[in-house]
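The chain contents come next:
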Amino acid sequence: MSITAAPPRMERFIIAVADVAGFAKACDGLDDATTFALLDCFYRLVDRTIAAAGGTVVKFMGDSALMIFPTDAPRGVVDALAQLRRQALLLWQDVGSTCDVHTKAHVGTVAYGPIGPDQRFDIIGRDVNCLFMLRGQGPETLSAALLAEIEAAS
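Right, let's walk through the structure included here. Source: prediction; values computed, not measured.

## Let's talk about the pattern of salt bridges
Next, step 1: Taken as a whole and assessed by the stated rule, the structure comprises six salt bridges.
Next, step 2: Between aspartate 122 and lysine 59 there is a salt bridge; the shortest N-O distance is 3.0 Å. In this pair, aspartate 122 is assigned in strand E5 (residues 120–124) and lysine 59 in strand E2 (residues 56–61), connecting sequence segments 63 residues apart.
Next, step 3: Arginine 75 is paired through a salt bridge with aspartate 79; the nearest N and O atoms lie 3.4 Å apart. Within this pair, arginine 75 and its partner aspartate 79 are both found in helix H3 (residues 74–94), separated by four residues, close to a single helical turn.
Next, step 4: Taking relative accessible area as the criterion, arginine 75 reaches 45% and is therefore assigned partly exposed.

## Some remarks on the environment of isoleucine 123
Next, step 1: Its place among the elements puts isoleucine 123 in strand E5.
Next, step 2: On the basis of relative accessible area, isoleucine 123 is assigned to the buried category, the value being 3%.
Next, step 3: The spatial distance from the C-alpha of isoleucine 123 to the C-alpha of methionine 10 is 9.4 Å, given a sequence separation of 113 residues.
Next, step 4: In this structure, isoleucine 123 is in contact with Ile15, Val58, Leu66, Ile68, Val110, Ala111, Tyr112 and Val128, ignoring residues within four places of it in sequence.

## Describing the layout of surface pockets
Next, step 1: Taken as a whole, the largest pocket spans an internal volume of roughly 300 Å³.
Next, step 2: Lining of the largest pocket is provided by 14 residues; of these, Ala6, Pro8, Gly113, Pro114 and Ile115 occupy positions nearest its centre.
Next, step 3: Looking at the lining of the largest pocket, the elements that each hand over two or more residues are strand E4 (100–115) and E5.
Next, step 4: With five residues, the single largest contributor to the lining of the largest pocket is E4.
Next, step 5: If you add up the space inside the second largest pocket, you get close to 160 Å³.
Next, step 6: If you trace the second largest pocket, you find it lined by Val17, Asp19, Ser64, His102, Thr103, Lys104, Phe132, Leu134, Gly136, Gly138, Pro139 and Thr141.
Next, step 7: Mapped by element, the contributors of at least two residues to the lining of the second largest pocket are strand E1 (9–21) and E4.

So, how was this worked out
Residues numbered from 1 in each chain as written. Predicted model: local features only at pLDDT ≥ 70, side-chain atom pairs only at ≥ 80, totals over all residues. Heavy atoms only, no water. Salt bridge = Lys/Arg side-chain N within 4 Å of Asp/Glu carboxyl O. Helix = DSSP H or I, 4+ residues; strand = E, 2+ residues; numbered from the N terminus. Buried < 20%, exposed > 50% of the residue type's maximum accessible area, 1.4 Å probe, protein only. Contact = heavy atoms within 4.5 Å. 1 Å grid on protein atoms, 1.4 Å probe; cavity = no way out; pocket = protein on both sides within 12 Å on 5 of 7 lines; lining within 4 Å. Points joined across faces, edges and corners; volume = space filled by probe spheres on them.

Right, dumping it as structure tokens:
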């Protein structure tokens, strides 16, 4: 097997993930159409909030969203993620759920571009793995690298 894919672009981004904690349990008694509608509302909320902050949603994965942002305003990214969390909490409260949104953010270089047979946009790289491996004590986790970017921009 030979690897013949077009080379991806490489760029430094702020990479973030938002995950709905407690979603599976909250949807346990719901029918699939209601669960679908809840995720649709969440996806639309994520897309609006992230786009308003200059970010791009890379993909949704069940009750999670992976996104990227330019590195020029790291504090704004953190603020956008906090806003997303607050607005999502209101969404879940409206349906009587105790779900929460946990976010993680990191800064690093990724390979990106169209990938696979459908040429879907995606990001790949060690820094994406670092993002998912971040361990935090609360609903908002920032990597040491991102905290350094925020400090440097202040």
